[in-house]
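An overview of the molecular structure
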Amino acid sequence: MRDGLRVATLRATEPSYESEGGFAVLRTKEQPLKRGQSYVLTPRSRVGVTQAKRRKGREMRTTDTILGLLRERGSKGLPLERVYRLLYTPDLYLTAYGKIYRNHGAMTKGTTDETVDGMSLRKIEAIIQALREGTFQWPPVRRVYIPKKQGKKRPLGLPDWSSKLVQEVIRMILEAYYEPQFSNHAHGFRPGRGCHTALREIRTCWTGTVWFIEGDIARCFDALDHQLLLSILREHIHDEQFITLISRLLKAGYLEDWTFHKTLSGVPQGGIVSPVLSNIYLDRLDKYVDQTLAPHYTRGKGRRVNREYERLADQAGYYRRKGEREKAMHLKRQAQHLPSLDPADPEYRRLRFIRYADDWLIGLYVKYH
């Protein structure tokens, strides 16, 4: 440092300003400096850097504020109105871009050549303008097949990049609102949950379960009823324009060998918004088991004490008080090989339920014969 200024001995940058998306964007251009020449950060460049930092912070706060308000209303069970207007917020698209641009499928083409490498602020502005004017269209997805076990193949839809971006914004909105309302026993396609959390719940909470009933919803994603799904959404989302946008997404169709096919049911596998829509749909199953089926099969506050265990424990205490420690320890070891509670108590039973995507498991704790 010399005279309070930083000495640049090789190269320095000269700030300049360009207009981009309605904002004054700070640009830098390298210029060679003579030996010993100093570079001073001018007041104008300081203001540009400060405004850029403030703008970035404001964008993050705007996205966090919107999603936070949606979570709050969802936790309270309050309906949503004027949701479609949230799609006019550029910050949501920037956040959505930050979430999906690293995905392997970001460079995969749909029915057009559009991929993530053509992303720009102008594209976001064009999408928002089309949504405002009601001219935004969901193009059909390109269908391919991926191999499964036993030689079967699973259909997979590949949407265009613009469709992926809008779907991610819709997914963030729906997830923020519905996530607080989902059952704690659903683990598929949810933030902070997965196969390991489902297995951990079974290990820690299903102790003593006797019977296991395993199920799989056949062709779950392909067979979801569109009208039923939209009616479920309408119960909490009072914005027909937003519902219509999702309805058009469901009916966009697909191209297979460049032949167009209509989609009369189901959600497109490979679509970003499909997992949260399926969770909203299957939440009815979770609620039915939690609120109707489980209370019906629940009996008793707790299992009764195992009489044989209680008898051996009492005898061990009796001989310990008499000073016969060897006999007391022998009886105690016999008691430790028995359950302290009666596993065959006919007055106690429980039903437990867990779901991961379209796979579910019911555990029954009842008297076995």
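**Here's the deal with the overall build of the protein chain**
For the protein chain, the helix and strand inventory stands at 11 helices and 13 strands. Residues counted as buried form 39% of the 369 residues belonging to the protein chain. Residue pairs in contact within the protein chain that sit at least 24 positions apart in sequence constitute 71% of those at least 6 positions apart. If you sum the accessible surface of the protein chain, you get close to 22,800 Å²; carbon and sulfur atoms cover 52% of it.

**Brief notes about a positive patch on the surface**
The grouping of R320, R321, R325 and K332 at the surface amounts to a positive patch. Of all the elements in the fold, those that place two or more residues in the positive patch are α10 (307–321) and α11 (325–336). The residue K332 is located in helix α11 in this model. The partly exposed category is assigned to K332, whose relative accessible area is 38%.

**Section: the pattern of salt bridges**
Within the structure shown, the criterion is met by 13 salt bridges. Residue R171 is joined to E175 by a salt bridge in which the shortest nitrogen-to-oxygen separation is 2.8 Å. Taken together, the residues R171 and E175, both in helix α4 (residues 161–178) and 4 residues apart, mark about one turn of the helix. Using a relative accessible area of 16% as the deciding quantity, one classes R171 as buried. We note a salt bridge from R190 to E179, for which the minimum N-O separation is 2.6 Å. In this pair, R190 is assigned in the loop between α4 and α5 (195–205) and E179 in the loop between α4 and α5, connecting sequence segments 11 residues apart. Residue classification places R190 among the buried positions, given a relative accessible area of 7%. Salt bridges sharing common partners tie together E168, R171 and E175.

**Looking at the sheet that holds strand β11 (residues 259–261)**
Adjacent strands of a sheet form backbone hydrogen bonds with each other and so pair up, either parallel or antiparallel. Spatially, 4 strands are ordered β7-β6-β10-β11 in an open sheet, and the strand pairing comes out mixed. Only two strands of the sheet have a single partner each, and these edge strands are β7 (153–158) and β11. This sheet shows a mean twist of 40 degrees between the axes of neighbouring strands, independent of strand direction. For strand β6 (residues 141–147) and strand β10 (residues 254–256), the ladder comprises 2 bridges, and the chain directions are parallel. Note that in β10 the partner of R142 across the bridge is L255.

**Looking at the side chain of S183**
For S183, the location among the structural elements is in the loop between α4 and α5. Apart from the residues within four sequence positions on either side, S183 is in contact with R190, D283, D286, K287 and D290.

**Points about the sheet that holds strand β13 (residues 359–365)**
Strand order in this open sheet of 3 strands is β8-β13-β12, and the pairing throughout is antiparallel. In this open sheet, the two edge strands, each paired with only one partner strand, are β8 (211–216) and β12 (350–356). Ignoring which end each strand starts from, the neighbouring axes of this sheet average 15 degrees apart. Where β8 meets β13, 6 bridges bridge the pair, whose relative direction is antiparallel. Residue E214 lies in a different strand from β13, and its bridge partner there is L361.

The rules behind these values
Residues numbered from 1 in each chain as written. Predicted model: local features only at pLDDT ≥ 70, side-chain atom pairs only at ≥ 80, totals over all residues. Heavy atoms only, no water. Helix = DSSP H or I, 4+ residues; strand = E, 2+ residues; numbered from the N terminus. Buried < 20%, exposed > 50% of the residue type's maximum accessible area, 1.4 Å probe, protein only. Contact = heavy atoms within 4.5 Å. Areas by Shrake-Rupley, 256 points an atom, 1.4 Å probe, with all protein chains shown as cover. Patch = residues over 30% accessible without salt bridge, like charges linked within 9 Å, V, L, I, M, F, W, Y side chains within 5 Å. Salt bridge = Lys/Arg side-chain N within 4 Å of Asp/Glu carboxyl O. Lys, Arg positive; Asp, Glu negative; His and termini not counted. Charge placed at Lys NZ, Arg CZ, Asp CG, Glu CD. Pairing = 2+ DSSP bridges. Axes fitted to C-alpha atoms, helices over the stretch in contact; angles between N-to-C directions.

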